[in-house]
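# Observations on the three-dimensional arrangement
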Amino acid sequence: VSVPRREPPGVAPPRSSESLRNSPVISMTTITSRSLAYRCTPSGLQGRQHSHRAVRSRAHTQKRSLTTCQIVESESPSLVDRVLKIFATPANSLNEGIATFYDESSGLWEDMWGEHMHHGYYEVGQPVKNHQEAQVDMIDNSLKWAGVDEVTSMLDVGCGIGGSSRHIARKFNCAATGITLSPKQAERANMITKEAKLENVQFQVADALNQPFPDNSFDFVWSMESGEHMPDKEKFIAELARVCKPGGRILIVTWCHRVLEEGETQLKPDEQALLKNICSAYYLPAWCSIADYARIATANNLSDIKTGDWSAEVQPFWGAVIQTALTPQGFTGLLKAGAGTLRGALVMPLMKTGLVKGTIKFNMMTAVKPST
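Reference entry: report on the structure contained in this document. (Residues numbered from 1 in each chain as written. Predicted model: local features only at pLDDT ≥ 70, side-chain atom pairs only at ≥ 80, totals over all residues. Heavy atoms only, no water.)

## Quick word on the side chain of Asp-219
Here Asp-219 lies in strand β8 (residues 218–224). Lys-245 is the oppositely charged side chain nearest to the buried, salt-bridge-free Asp-219, at an N-O distance of 5.8 Å. Sequence-distant contacts of Asp-219, defined by excluding residues within four places in its chain, comprise Val-151, Thr-152, Ser-153, Met-154, Lys-245, Gly-248 and Arg-249. (Helix = DSSP H or I, 4+ residues; strand = E, 2+ residues; numbered from the N terminus. Buried < 20%, exposed > 50% of the residue type's maximum accessible area, 1.4 Å probe, protein only. Lys, Arg positive; Asp, Glu negative; His and termini not counted. Salt bridge = Lys/Arg side-chain N within 4 Å of Asp/Glu carboxyl O. Contact = heavy atoms within 4.5 Å.)

Structure, rendered in C-alpha cells:
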C-alpha cells in the first residue's frame, strides 16, 4: 500500500516555559503546528513563526523515513536518534520496510521464543509463568474474552510464522488461512504446518489492506498485533469486515496509544517523541487509540462492539524479551540478523517504558458483522 501523505502532527503551544522547564521532553524532533514550529529541547518547547510554505519546504528538504509517525527530524537530533540512525534500513515503502524487518528477524525470534510472535498473557498478581505458555494463554484468553467458541474457517491477518492459525485450527478443527507481507514468514509458516500434517491450514503473501479474498469468505477474522502496522485504519477495518461472513466475528488485538483525556487533541510532546522512535524502528505509521478503532467499527456497521485493555496483563513481557536479547545466544543472533533487527532491539526498553507510563496500551476489540 502507499503511505498516505499527511502533514506532521501538531503540538499545542506550552502554557508557560516554567511549566515545561522540568518536564522530561526528549530532544529529537521539530514538530509543526499550523503556522508555528516547535522544537523539543530539554528545557521545553520554543516556538517561532513560519509560513505554511516555508514549513513544507523545509520538511521536504530533510531526509524522512516513510515509516515514522511523519514527524520532521530536527537539525539537532537526540542521542537516541543518532544511535537508531546508525542501524537504519532504507525502504522505498512502508510495506517493503515491514517485509524486510520480518524477513530478517523472524528466524531469530523463532529460535528464542518459538512459533508465537506476540505478547504473553500474565495474570496480575500471580507469579510470572513460562513465557511460551503465556503466549498460548494470550490466544486462548483472547478467544474466551471475545466469546469465540466455534470456528469453521478463519483468516489470520498478519500471521507471522503461523502459530495462532495452527493453534486455533487444532482447537476448533477448522480451516485457517494466514497472510503476511513477509515471504520468509509465509514460507516458514507453510513448512511448519506441513511438518505438523495440518492439511487445512495455509499461508500466503498478501496485503491486509487489499486482500485477495472474495467478500464473505471467513466466519472468524483474527488480527493479533498487526493493526499497528496499518497506515490506513479505516481501510484495515473495512477489509476485515468485507471478508468476514455475515454473522461472523472479528477480533483485533493491537498496540494503541492511550485514549485522549477530555480537552486533549493530541498526545503530549514527550509521548509523541517516545512513539516516534518506536515507529521508526518497527515500521509503524501513526498510532491511534482503541476509541478510534471502536469509532471506525461503528462506521462500518459492525455490531456488538466490545473493547478491552490488557496493558497490565502483558507487563512482564518486554522485560523478558530484553533479558533474552542480552544472553549470548540472543546477542549473537541480533548481530547475525542484521541492522534492522538490532535497531528493533534497541527500542525494546521504550516499549516497556511506554506501557509502564500508560502512553502505550495493549488493547483488543471484537465485533460482529450483522447477518442482514
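## Considerations on the packing of aromatic side chains
A complete count under the given rule lists 15 aromatic pairs for this structure. Look at Phe-317 and Trp-318: their rings are 5.6 Å apart centre to centre, the planes differ by 85 degrees, and that puts the pair in the edge-to-face class. Comparing Phe-317 with Trp-318 shows no difference in burial state: the two are buried. Members of the aromatic cluster, connected to one another through ring pairs, are Phe-101, Tyr-102, Trp-109, Trp-113, Trp-255, Tyr-282, Tyr-283, Trp-287, Phe-317 and Trp-318. (Phe/Tyr/Trp six-rings, centres within 6.5 Å; stacked < 30°, edge-to-face > 60°.)

## Quick notes on the pairing of strand β11 (residues 360–368)
Of all the nine residues making up β11, eight are buried; the element is thus mostly covered by neighbouring parts of the structure. Of the strand pairs in this sheet, strand β9 (residues 244–257) and β11 are connected by nine bridges, and their pairing is antiparallel. Paired with Val-253 across the strands is Met-364, a residue of β11. Sheet analysis places strand β10 (residues 303–309) next to β11, joined by five bridges and oriented antiparallel. Residue pairing across strands places Thr-307 opposite Met-365, the latter belonging to β11. (Pairing = 2+ DSSP bridges.)

## Thoughts on helix α11 (residues 315–325)
Taken as a whole, α11 has its buried residues at Phe-317, Trp-318, Gly-319, Ala-320, Val-321, Ile-322 and Ala-325. Each element contacted by the buried residues of α11 is listed here: α4 (94–113), α5 (131–146), β9, α9 (269–282), α12 (328–337) and α14 (348–357).

## Thoughts on the nonpolar core
Among the nonpolar cores identified, the biggest contains 63 residues, and Ile-168, Phe-220, Trp-222, Tyr-282, Trp-287 and Trp-318 are the most heavily contacted of them. Tallying contributions element by element places α4 first for this core, with seven residues. The residues touching Trp-318, leaving out its near neighbours within four places in the chain, are His-119, Trp-255, Tyr-282, Met-348, Met-351, Lys-352 and Leu-355. Membership of the second largest hydrophobic core comes to 27 residues, among which are Leu-209, Val-221, Ala-241 and Tyr-293. (Core = buried A, V, L, I, M, F, W, Y, C linked by side-chain atoms within 4.5 Å.)

## Things to note about the pattern of salt bridges
With the rule as written, the count across this model stands at 12 salt bridges. Asp-137 serves as the salt-bridge partner of Lys-129, at 2.6 Å between the closest nitrogen and oxygen. Residue Lys-129 shares its accessibility class with Asp-137, and that shared class is buried. One salt bridge in this structure joins Lys-361 and Asp-309, with 3.8 Å as the shortest N-O distance. Taken together, the positions of Lys-361 in strand β11 and Asp-309 in strand β10 put the pair 52 residues apart, joining distant regions of the chain.

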